[in-house]
Structure formats: structure tokens, C-alpha cells
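Residues per chain, in single letters:
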Amino acid sequence: GEMEQTPLTKHACDALWNGNTDFKPIMQCLEARALQAASGNPSSTERFRISLSDGDHFIHAMLATQLVDYVKNGRVGPGTIIKLTEYLCNVVHGRKITIVLNLEVLGSRPVQGNPQNIASKGAVSQAPAGAAGMQGGQQPQHQLGYGSHQNAPPPAMQTGHQPQHQ
């Protein structure tokens, strides 16, 4: 049917990882996982983390609370094709996280490709293909703050005690 034809948005993970929110990528959910409520706060809303693939890589994203029902009622799960219509790219505790505020479910199909975690990709995108194996463990993002402090991220991002968006 029509659904087989909807292509995933190429390089969507790269763009999201780099904080680009100017487009509405079509991605595939690999898994949806409920996160434990913050300790000592049982009344806090259940949060879900989903893995979103562009066919080559995947990123982890948090679902906004108003989208939790998509997972609970089974509309979003492994294999679901999703269009992200509204989302934020945040850094929380030094980790990049995409927060999905709104989405459209386009359908479902078997997981395509063998997507790799974008977070472990590191510097590979700038490197020639042959060098990828050697660079896998490096984290070029963290070389910012060592020399001059003008380049260091603002303290809020380093300490991570106050994530701006909750």
C-alpha cells in the first residue's frame, strides 16, 4: 500500500543531533520505553523515551506528557512511522535529547535498515569512511572548554542541576 512508499527523512538524526528544529522529519520508532518516575515523586507523570530512526542512525527522544497516550494505547511502538511536527532539542546533564511535543502517526512497517546510535557516531561524519572504526570512541563535542573559557558552555549546561524544560 501507500505506506511502504513513505521514505524516512535522510540524515534526520544528524540534524536533530545538531539542534536543527526547522524541519518536520519522518522517522521510524524502534522502541518506546517507560521511564521510572523521579525517586520520591510517585505522583509525577509517567515519561516515555522513544528511539527514532532515519534508516541509518537513531536518536533517543522524550515524549511530551500530552503524547504519552500514543504509546499507552499502542499507536506508537516499534515500527511506527512518525512525522515530528513540533519538537525541541535540549541538552540535559550533558546529553542531547530531543523532546517531541507533537507528532503524526503515518503508519507502521517492519524496522528498516540496521540503524546505529547517532550518539556513538562521534566525529565519523567528517572522517573518511575508512577511519570510522578508529574514531568510534572519541567525543569531539567535549573538547570545547579545555583551553579558553570563552568557549565553555554556560554553567547551567555543565552542572545539569536545572534542566530548563521539564
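For every chain, the first residue of the written sequence is number 1, and numbering continues from 1 along that sequence. Local features in a predicted model are, by the rule used here, given only for residues with pLDDT of at least 70; side-chain atom pairs are given and counted only at 80 or more, and totals for whole chains, interfaces and linings are based on all residues. Side-chain calculation: all heavy atoms of the structure are included, whereas hydrogens and water are not.

### So, the side chain of Thr 6
When you line up the elements, Thr 6 lands in the loop between α1 (2-5) and α2 (12-17). Accessibility expressed as a relative area gives 19% for Thr 6, which makes it buried. Any two residues whose heavy atoms approach within 4.5 Å at even a single point are treated as in contact. Among residues more than four places away in sequence, those in contact with Thr 6 are Ile 26, Leu 106 and Arg 109. Starting at the N terminus, helices and strands are each numbered in turn, a helix being any DSSP run of H or I of at least four residues and a strand any DSSP run of E of at least two. Residue burial is assigned from relative accessible area. The probe radius is 1.4 Å, only protein chains are included, and a residue is buried under 20% of its type maximum, exposed over 50%, and partly exposed in between.

### A word on the pattern of salt bridges
What counts as a salt bridge is simple: a side-chain nitrogen of Lys or Arg found within 4 Å of a carboxyl oxygen of Asp or Glu. Counted according to the given criterion, the structure contains two salt bridges. With its nearest N and O atoms 3.1 Å apart, the salt bridge here joins Asp 56 to Lys 10. Of this pair, Asp 56 sits in the loop between β2 (47-53) and β3 (57-63) while Lys 10 is found in the loop between α1 and α2, placing the two residues 46 residues apart along the sequence. Across the salt bridge formed by Glu 31 and Arg 33, the nearest N and O atoms sit 3.0 Å from each other. Using a relative accessible area of 41% as the deciding quantity, one classes Arg 33 as partly exposed.

### Notes on the packing of aromatic side chains
Any Phe, Tyr or Trp ring, taking Trp's six-membered ring, that has another such ring centre within 6.5 Å forms a pair; planes under 30 degrees apart are called stacked, those over 60 apart edge-to-face, and the others tilted. A full pass over the atoms with the stated rule returns one aromatic pair. Between Phe 23 and Tyr 87 the ring centres are 6.5 Å apart and the planes differ by 85°, which places this aromatic pair in the edge-to-face class. In this pair, Phe 23 is assigned in the loop between α2 and β1 (26-35) and Tyr 87 in strand β4 (residues 80-92), connecting sequence segments 64 residues apart.

### Regarding the nonpolar core
Put simply, buried Ala, Val, Leu, Ile, Met, Phe, Trp, Tyr and Cys residues joined by side-chain atoms within 4.5 Å make one nonpolar core. With 23 residues, the main nonpolar core has Leu 52, Leu 63, Ile 82, Leu 84, Val 100 and Leu 103 as its most contacted residues. Elements supplying a minimum of two residues to this core: α2, β1, β2, β3, α3 (68-72), β4 and β5 (95-108). In terms of residue count, the dominant contributor to this core is α2 (four residues). Beyond its immediate chain neighbours, meaning those up to four positions away, Ile 82 contacts Pro 25, Ile 26, Met 27, Cys 29, Ile 50, Leu 52, Val 76, Leu 103 and Glu 104.

### A short note on the pairing of β1
In this sheet, β4 lies alongside β1 in antiparallel orientation, the contact comprising three bridges. Within the sheet, the bridge partner assigned to Ile 26 lies in β4 and is Lys 83. We call two strands paired when DSSP finds no fewer than two bridges between them. When β1 meets β2, the two strands line up antiparallel, connected through seven bridges. When the bridges of β2 are listed, Glu 31 appears paired with Ser 51.

### Notes on the side chain of Thr 80
Residue placement: Thr 80 occurs in strand β4. Within the local environment of Thr 80, its side chain forms a polar contact with the backbone oxygen of Gly 77, the two atoms lying 2.8 Å apart. With sequence-adjacent residues up to four places away left out, Thr 80 is seen in contact with Met 27, Gln 28, Cys 29, Arg 75, Val 105, Gly 107 and Ser 108. By the criterion applied in these results, polar contacts are pairs of N or O atoms within 3.5 Å in which, for protein atoms, one can donate a hydrogen and the other can accept it, and in which residues neighboring in sequence qualify only through two side-chain atoms.

### Brief notes about the confidence of the model for the protein chain
Regions with low pLDDT carry predicted coordinates that are not meant to be interpreted in detail. Note on scores: pLDDT gives the predictor's confidence for each residue, bounded by 0 and 100. Averaged over all residues, the pLDDT of the protein chain equals 78, while 66% of them reach at least 70. Every residue in residues 123-149 is under pLDDT 50, and counting partners more than four places away or in other chains gives 13 contacts.

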